[in-house]
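Observations on the three-dimensional arrangement
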4 protein chains.
Amino acid sequence: MSNWLETSYMARKGVARGKAGKRHELTVEKQGKYHYVYGPYADPVLAIEPGDIVIAETHDAFEGAIKTEQDMPSKTLHMPFVNPQNGPIAVRGAEKGDVLCVHIHSIKPRGPQPVGTTALIPEFGGLVATGNTALLNPPLPERVKKMEVTEAGIKFNSKITLPYEPFIGTLGVSPEIEAVSSLQPDYWGGNMDLPDVAPGAVVYFPVHHKDAYLYLGDCHGTQGDGELCGVAVEMPSTTTVQVDLIKNWQIAWPRLETEKFIMAIGSTRPMEDAARIAYKELIHWMVADYGFDQYEAYFLLTQAGKVRLGNMVDPKYTLGASILKNYLG
Amino acid sequence: MSNWLETSYMARKGVARGKAGKRHELTVEKQGKYHYVYGPYADPVLAIEPGDIVIAETHDAFEGAIKTEQDMPSKTLHMPFVNPQNGPIAVRGAEKGDVLCVHIHSIKPRGPQPVGTTALIPEFGGLVATGNTALLNPPLPERVKKMEVTEAGIKFNSKITLPYEPFIGTLGVSPEIEAVSSLQPDYWGGNMDLPDVAPGAVVYFPVHHKDAYLYLGDCHGTQGDGELCGVAVEMPSTTTVQVDLIKNWQIAWPRLETEKFIMAIGSTRPMEDAARIAYKELIHWMVADYGFDQYEAYFLLTQAGKVRLGNMVDPKYTLGASILKNYLG
Amino acid sequence: MSNWLETSYMARKGVARGKAGKRHELTVEKQGKYHYVYGPYADPVLAIEPGDIVIAETHDAFEGAIKTEQDMPSKTLHMPFVNPQNGPIAVRGAEKGDVLCVHIHSIKPRGPQPVGTTALIPEFGGLVATGNTALLNPPLPERVKKMEVTEAGIKFNSKITLPYEPFIGTLGVSPEIEAVSSLQPDYWGGNMDLPDVAPGAVVYFPVHHKDAYLYLGDCHGTQGDGELCGVAVEMPSTTTVQVDLIKNWQIAWPRLETEKFIMAIGSTRPMEDAARIAYKELIHWMVADYGFDQYEAYFLLTQAGKVRLGNMVDPKYTLGASILKNYLG
Amino acid sequence: MSNWLETSYMARKGVARGKAGKRHELTVEKQGKYHYVYGPYADPVLAIEPGDIVIAETHDAFEGAIKTEQDMPSKTLHMPFVNPQNGPIAVRGAEKGDVLCVHIHSIKPRGPQPVGTTALIPEFGGLVATGNTALLNPPLPERVKKMEVTEAGIKFNSKITLPYEPFIGTLGVSPEIEAVSSLQPDYWGGNMDLPDVAPGAVVYFPVHHKDAYLYLGDCHGTQGDGELCGVAVEMPSTTTVQVDLIKNWQIAWPRLETEKFIMAIGSTRPMEDAARIAYKELIHWMVADYGFDQYEAYFLLTQAGKVRLGNMVDPKYTLGASILKNYLG
């Protein structure tokens, strides 16, 4: 546990005090059937205690179906069976009204190169007509790009190598009675596609169902703000997370903490409403835990708040609003 | 079957040819546990054949918990257990790729007067800050209004009596693998709150799950366009619908037919996207079934299309776009 | 003055009491240069007294440049010189804080047949990518449709004749210091494209500039809700309006009155915000002039409010929210 | 001229090759009347040549009317006379179809301390009901905060000092025939409130009117992403900019360049449409000037694009989309 982590919510309030427990391997074989919804109706694939570590073998968002640049999405993908998720992982002791902590240790690409995939998928993406923004314009051509992804970098093309900046695209817990597509982000997490959900960060989710039912998948080798075409550097991964549990912490939306900042995350449409959710939740946090007057927090975020656009392509758009810890006293 | 019905899609293409079959009473007792999600994970409460008629005793959206004008919503309602639904009703022979037809025969208020309820619910409604449009403004006061509702009219207050114009607020089928709150409308129907879903109309839903799994509830004695405060004249009802099945009709969103017009229904945010969905789907319909050139249909709707705003308060907004049948040749 | 007009705001509160005054012909020759902005910087083409009648020869939105179905918009139109307006007409006595009343007497098609034009214009319309909804999809083809328009009907094509239901697409007054494109609707009126702005109605605009500076143009032979492709049945017209002035009536947005209903009109993006503006303004009206408690008005509109979608294609979307007068006591 | 500037568009393509020309002092006295619209109807206060430098004394957005924390905005501000602008500055040789370059040299606070002001203004801000998002909720209280602002830092309160990171909130050129409130950002620039418009950057604006008519004002001592409450650290300033002119460069929206990145800026509602504008314009730029295939640019921005939220409070929301120059070859 690095120094700052000792001061994290996870370490200060978690049942396991941020201390690492048992390690669980969640291999492809152990996972067996992957899941396409975040919900309470599947049986847990694993039951763990607060503090335990899970090493999960995630699939890419296409479950490996796009193997070459000739594999067209419209032929290989069958909705709604996309964005496969590991889990659900039951976390013992978690109840509605608690918060599940997920501290991300590492994300490594997994499988034969080129392991990374991006693509133009019909009626999907930030700059095309979609099922929601339903227009009469002709579609773009389908196109697939495969990329070699290692921890040394991502070969975007012969000229451009991008830094390896991996994160978990889809991460969260089960709603209470709903089971919602893993393509959608919401108050339980899900497909937020927010690059801050990266190694080193601790992410906090409101628990709605007994044992929380943690899901994860959809790791990205890197991604720009907004995930513009809808498909980041998708890759299968070996992802290691440490889980903890904070009892009786009422939060409405996911939150995130790093050494430098705290962030609240909102997901909805239109995008300004996602920004409103994130900033309002961040104000609530500053008032509840850092002694701010509500309007003083509002003023401070006006002058020093930061916004990270996660996705502008999913069924709901995701933004994170953050403030540096050094302004929080 | 009235004359126009003989020319309806239901009568021309339905498995039962629009002919009425067996009658099934779905009383409160028979229903037992009501449902709060549209999904495939509940066991059917009834299995019927195409053509069969169901007489359902629906609860109001509050499951009867608001009995007097002193029963405050924040005390009596427990999210997500609101908007209880009858069903699921298995319709034999229905498969993904088919269309379920629901012909609404009648909707009658049920139970002791005053049977109608509207209310101001905190953080809910079209003219207040909500969980999505998350703002810092103080909330409105809670307020409940009970109204006597009979087929002769609705006593809104001592001066105003509104006509009884009932419709089904929430109606649709199960998604394939999702189970989504009955508060939400979407491509499977759900909480559309569209006043055209009324006695006399036939509503068409794309089937996604074996046996369709029909749900219904949330009947309204009347409602304005948009359901402005979020709560129409909510009432328990005895609602009679006739169900039919059209095999192999691929539609993307709910459709509706009356003697005078055809309508396509879209639900999403922001509202312009709901309008785009509805109008685009209506163009598809005119091209596929009425021989229109796509652009001629676009031109005709520009000059003669009608828009009905269902709700501007639910997790997704609903609009119907329609065209008079006498322009369809 | 028909009976109901005697009870209109115009007749009850207007300086001229709704009585017709002098008639002014505003021919093409007298107008001379047409205008492409609503603003205070142009010199009045006419000065009138409250009660006076203006018979204006309006151009179509293309200033007559699309004469045949071979005249492609991208060749004939030169932004921002589209949607030419008659005016400004100075109304003596009007000051900031007053309301200008425009009672529409008649709208007649003007000029040689086919007098009506609709078109697909690149990057314009409700179901295509635009300058605002900026996407990478290829555009639709350009297409022009000319139609014979008479008061007997509109020959949409060889099979379909649409009823002649004319209205004024663009109507309003000058902002105080801004001069804004006649393509845009806003709180001063402008390009609302709302079919209720039709013969028989009285429209009310908040005055922001001395003498009000009335502009009008862009008459439509008919139009569907939303003006879907962006181009209604555009036509040059002879339009007759009677103008009156209500002193010291503070309204924030345009309002409209017919025999049957009162309506408030909002224009903005996204569309739900236009609906919020319209409904909120209507509540203000009901409270200020009809003795409603604010929440009772909110409840009544929830059950009996009507929404008319004007345009979903202009720089701001326009909706009217209305309530029947017989509910107003 | 620092090294990178020699490679800037301004230096490579500008009429003055980025070389500094004559210096012009635009003091409060010389400016005289400040302006509240961006438009062509005011007389130029200054005429300069490409390359010339302007040292402008700007007012704060309240024209100095809020002098103490007791000066309530609703009493001191009179719409639409807010956000006063210096200018218009005629730039000789500029014509429609050219691009005006503004290289920001420095921004210094001006006047007696406390020189900085932020405030809660009724019906204004990102987390309150407004004229557009028109709701019935009660307003927040008014509140004013005055802050000492020096180049050493901003005394936010007794505990928090914010870094001095000044930028120009409102900057741009005149539309062709419109005159639009200086509160609004659009394709000509205006009230973008984008923190990247800071010393060191070069900003590019499409010219629409002869001599461009440059306006500027509304400097901020610092600001968070989105300018959450609507009022940054507003301050009067002495701002120095160098102006250049690129002939025949057709751009649709403002662009910005620093040593590290290029950025395209979009402003509209809803926010996703502003993001679409910015990203699409950036793709156009990469294709036109850096030899990218359109889809390869789309893919690259998906993986490496950055989004900066300027404002979520003005009549249109502003976002900048950028890409690092080291990916551009």
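- An unreviewed UniProt entry lists chain A under the name Acetamidase/formamidase family protein, from Taklimakanibacter albus.

1. What about the pairing of strand β1 (residues 23–26) of chain A?
Residues and elements named next belong to chain A.
- Of the two faces of β1, the one lined by His24 and Leu26 is fully buried and the one lined by Arg23 and Glu25 carries no buried residue.
- As judged from the 4 bridges shared by β1 and strand β4 (residues 53–58), these two strands associate in the parallel manner. Bridge assignment links His24 to a residue of β4, and that residue is Val54.

2. Some points on the sheet that holds strand β3 (residues 46–48) of chain D
All names here are of chain D.
- Strand order in this open sheet of 6 strands is β3-β5-β17-β12-β15-β14, and the pairing throughout is mixed. Strands with a single pairing partner mark the edges of an open sheet, and in this sheet they are β3 and β14 (185–186).
- In this structure, strand β12 (residues 167–173) lies alongside strand β15 (residues 189–190), joined through 2 bridges in antiparallel fashion. Looking across to β15, one finds that Leu171 is bridged to Gly190.

3. Examining the relation of the copies chain C and chain A
- Taken as rigid bodies, chain C and chain A are interconverted by a rotation of 180° and an axial shift of 0.0 Å, the fit giving an RMSD of 0.0 Å. Expressed as an axis order, the relation between the two copies is that of a two-fold axis.
- Most of the interface of chain C is mirrored in chain A, where 100% of its interface residues are also at the interface.

4. Examining the interface of chain C and chain A
- On the side of chain A, 14 residues touch chain C, which itself brings 14 residues to the contact.
- Interface area, chain C with chain A, both sides summed: about 1,200 Å², of which 62% is carbon and sulfur.
- In this structure, the connection of chain C to chain A is made through 0 salt bridges.
- Along the contact surface separating chain C from chain A lie 6 residue pairs in polar contact (both at pLDDT 80 or more).

5. Some remarks on the relation of the copies chain A and chain D
- Once chain A has been moved 0.0 Å along the axis and rotated by 180°, it coincides with chain D to within an RMSD of 0.0 Å.
- Here 100% of the contact residues of chain A are again contact residues in chain D; the copies associate through an equivalent surface.

6. Points about the pattern of salt bridges
- Following the criterion strictly, the structure yields 60 salt bridges over all chains and no others.
- Ionic pairing is found between A:Lys280 and B:Glu123, a salt bridge with its closest N-O pair at 3.5 Å. A residue pair is termed interchain when its members come from two chains, as with A:Lys280 in helix α4 (residues 271–290) and B:Glu123 in the loop between β7 (116–120) and β8 (143–147).
- Note on A:Lys280: relative accessible area 11%, which makes it buried.
- You can call B:Glu123 partly exposed: its relative accessible area is 46%.
- In this structure, the salt-bridge partner of C:Lys96 is C:Glu176, at a minimum N-O distance of 2.6 Å. In this pair, C:Lys96 is assigned in the loop between β5 (86–91) and β6 (99–109) and C:Glu176 in the loop between β12 (167–173) and β13 (180–181), connecting sequence segments 80 residues apart.
- Residue class for C:Lys96 comes out partly exposed when judged on its relative accessible area of 45%.

7. Focus on the sheet that holds strand β21 (residues 306–311) of chain A
Residue and element names in this part refer to chain A.
- Here we have 9 strands laid out as an open sheet, ordered β1-β4-β18-β6-β16-β19-β20-β22-β21, and mixed in their pairing. A single partner strand is all that each edge strand has here, and the edge strands are β1 and β21. Between one strand axis and the next, the sheet turns by 25° as a mean value, whatever way the strands run.
- Pairing geometry for strand β6 (residues 99–109) and strand β18 (residues 237–246), over 10 bridges, is antiparallel. Its bridge partner lying in β18, Ile107 is registered against Thr239.
- Against the sheet, helix α5 (residues 294–304) touches β21 and β22 (317–324), its axis set at about 100° to β22.

8. Re the interface of chain A and chain D
- Each partner contributes to the interface: chain A provides 56 residues, whereas chain D provides 56 residues.
- Buried area between chain A and chain D, summed over both chains or domains, comes out near 4,900 Å², and the portion from carbon and sulfur atoms is 65%.
- Together, A:Tyr298, A:Phe299 and A:Gln303 form the three largest contributors to the area buried by chain A at its contact with chain D, with a combined 17%.
- Here chain A is connected to chain D by 4 salt bridges.
- One salt bridge connects A:Arg143 with D:Asp293, and the closest N-O pair in it is separated by 3.2 Å.
- For the side of chain A that touches chain D, the secondary structure elements donating two or more residues are β7 (116–120), β8 (143–147), β11 (161–162), α4, α5 and β21 of chain A.

9. Comments concerning empty space enclosed by the protein
- For the structure on display, the rule yields 4 cavities of 30 Å³ or more.
- In this structure, the largest cavity is lined by A:Thr268, A:Arg269, A:Pro315, A:Lys316, B:Gln184, B:Thr268, B:Arg269, B:Pro315 and B:Lys316.
- In terms of residue class, the lining of the largest cavity is built from 2 nonpolar, 3 polar and 4 charged.
- Roughly 50 Å³ of volume is contained in the second largest cavity.
- Looking at the lining of the second largest cavity, the elements that each hand over two or more residues are α4 of chain A together with α4 (271–290) of chain C.
- Classifying every residue of the lining of the second largest cavity gives 3 nonpolar, 1 polar and 6 charged.

10. Re the side chain of A:Asp314
- As for its placement among the helices and strands, A:Asp314 is situated in the loop between β21 and β22.
- Buried charge without a partner: A:Asp314 forms no salt bridge, and the closest opposite charge is A:Arg269, 7.5 Å away.

11. Thoughts on the domain arrangement of chain A
All names here are of chain A.
- Taken domain by domain, chain A holds domain 1 (4–250) and domain 2 (257–327).
- The straight-line distance from the C-alpha centre of domain 1 to that of domain 2 is 21 Å.
- Facing the 29 residues of domain 1 at the interface are 23 residues of domain 2.
- Between domain 1 and domain 2, roughly 2,200 Å² of surface is buried when both sides are summed, and carbon and sulfur atoms account for 55% of that area.
- Linking domain 1 with domain 2 are 3 salt bridges, by the criterion used here.
- Seen at the junction of domain 1 and domain 2, the total is 14 residue pairs in polar contact (both at pLDDT 80 or more).

12. Some words on the packing of aromatic side chains
- Scanning the entire structure with this criterion turns up 38 aromatic pairs over all chains.
- Look at D:Tyr187 and D:Trp188: their rings are 4.8 Å apart centre to centre, the planes differ by 80°, and that puts the pair in the edge-to-face class.
- Look at D:Tyr187 and you get partly exposed, because its relative accessible area is 24%.
- Judged by its relative accessible area of 1%, D:Trp188 falls in the buried class.
- A connected cluster of aromatic rings, assembled from ring pairs, spans A:Tyr9, A:Tyr204, A:Trp249 and A:Trp285.
- Lying over the aromatic face of A:Tyr9, A:Arg12 brings its terminal NZ or CZ to 4.6 Å of the ring centre.

What counts, and where the lines are drawn
Residues numbered from 1 in each chain as written. Chains lettered and ligands numbered in written order. Predicted model: local features only at pLDDT ≥ 70, side-chain atom pairs only at ≥ 80, totals over all residues. Heavy atoms only, no water. Buried < 20%, exposed > 50% of the residue type's maximum accessible area, 1.4 Å probe, protein only. Helix = DSSP H or I, 4+ residues; strand = E, 2+ residues; numbered from the N terminus. Pairing = 2+ DSSP bridges. Least-squares fit on C-alpha atoms with pLDDT ≥ 70 in both. Contact = heavy atoms within 4.5 Å. Buried area = accessible area lost by both parts, 1.4 Å probe. Salt bridge = Lys/Arg side-chain N within 4 Å of Asp/Glu carboxyl O. Polar contact = N/O pair within 3.5 Å; in protein donor to acceptor, adjacent residues only side chain to side chain. Axes fitted to C-alpha atoms, helices over the stretch in contact; angles between N-to-C directions. 1 Å grid on protein atoms, 1.4 Å probe; cavity = no way out; pocket = protein on both sides within 12 Å on 5 of 7 lines; lining within 4 Å. Points joined across faces, edges and corners; volume = space filled by probe spheres on them. Nonpolar A, V, L, I, M, F, W, Y, C, P; charged D, E, K, R; others polar. Lys, Arg positive; Asp, Glu negative; His and termini not counted. Domains from an automatic or database assignment. Phe/Tyr/Trp six-rings, centres within 6.5 Å; stacked < 30°, edge-to-face > 60°. Lys NZ or Arg CZ within 6 Å of the ring centre and 35° of its normal.

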